[in-house]
Amino acid sequence: MDRIDRKLLDLLQEDASRTNAELAETIGLSPSSCLRRIQRLKAAGAIDRIVAILDPAKAGKGLKAVVTVELERHGEQPTRQFLDLAAKERAVVQAYSVSGQTDVVLMLRLADMAEFDALCERLFNDRSNIARYYTMFVIRTGKETTAIPLSVQAD
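Definitions and limits used
- Residues numbered from 1 in each chain as written.
- Predicted model: local features only at pLDDT ≥ 70, side-chain atom pairs only at ≥ 80, totals over all residues.
- Heavy atoms only, no water.
- Helix = DSSP H or I, 4+ residues; strand = E, 2+ residues; numbered from the N terminus.
- Buried < 20%, exposed > 50% of the residue type's maximum accessible area, 1.4 Å probe, protein only.
- Contact = heavy atoms within 4.5 Å.
- Areas by Shrake-Rupley, 256 points an atom, 1.4 Å probe, with all protein chains shown as cover.
- Lys, Arg positive; Asp, Glu negative; His and termini not counted.
- Charge placed at Lys NZ, Arg CZ, Asp CG, Glu CD.
- Phe/Tyr/Trp six-rings, centres within 6.5 Å; stacked < 30°, edge-to-face > 60°.

This next bit is on the overall build of the protein chain. Helix and strand counts for the protein chain come out as five helices and four strands. Each helix (α) and strand (β) of the protein chain, taken in turn from the N terminus, gives the series α-α-α-β-α-β-β-α-β. Overall size of the protein chain, expressed as C-alpha extent along the three principal axes, is 60 × 35 × 25 Å. Within the span of the protein chain, comprising 155 residues, buried residues form 31% of the whole. Looking at the protein chain alone, contacts between residues at least 24 apart form 65% of all its contacts between residues at least 6 apart. Accessible area for the protein chain stands at about 10,400 Å²; split by element, carbon and sulfur atoms hold 51% of it. Each charge class in the protein chain can be summarised by its mean position, and for the 22 positive and 22 negative side chains these summaries are 4 Å apart.

Rendered as structure tokens:
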């Protein structure tokens, strides 16, 4: 991946709705060359998917929570079982197995406390492998991005 590829990826992460002609002009390539690069980056898996990013409040999911989970039994299988269970929940937008005292971190997008309560019933109550969980509700967002920072380096 060269400097032009990284610049192209930065532009796509900023606004993937730009036309190929707009991207090509911004980078200084011909439209056909730009399109070939995008196709190559998709084929190589550098571009995983192109999505629309919604405004959570306007989509009715203005409540954001971070939940840390400690499991009683550790190891690959118990952790995988819980992650699989969490992944089935629509309100879980990110789920990570992590190192340290916490075993799993969940990021939630919810409509309200009733939705949170119902999710807790399904994920945590009567689950024999949950030692404890802690919830933090996001009051204010300082930064939230989906972009992966790409350093523009000399080749």
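From this point, things continue past the structure.
Glancing now at the packing of aromatic side chains. Inspection of the entire model under this criterion finds three aromatic pairs. Consider the rings of Phe116 and Phe137, whose centres lie 5.1 Å apart with planes at 75°: the pair is edge-to-face. You can see Phe116 sitting in helix 5 (residues 113-123) and its partner Phe137 sitting in strand 4 (residues 130-137), a full 21 residues away along the chain. You can call Phe116 buried: its relative accessible area is 9%. Judged by centre distance (3.8 Å) and plane angle (15°), the rings of Phe124 and Tyr133 are stacked. Among the residues examined, Phe124 registers a relative accessible area of 5% and is labelled buried. These aromatic residues form a ring-pair network of at least three members: Phe82, Phe124 and Tyr133.

Moving on, we get to the side chain of Thr68. Considering the arrangement of structural elements, one finds Thr68 in strand 1 (residues 63-71). Of the residues examined, Thr68 reaches a relative accessible area of 14% and is grouped as buried. Ignoring any residue separated from it by four or fewer positions in sequence, one finds Thr68 in contact with Thr102, Val104, Val105, Arg132, Tyr133, Tyr134 and Met136.

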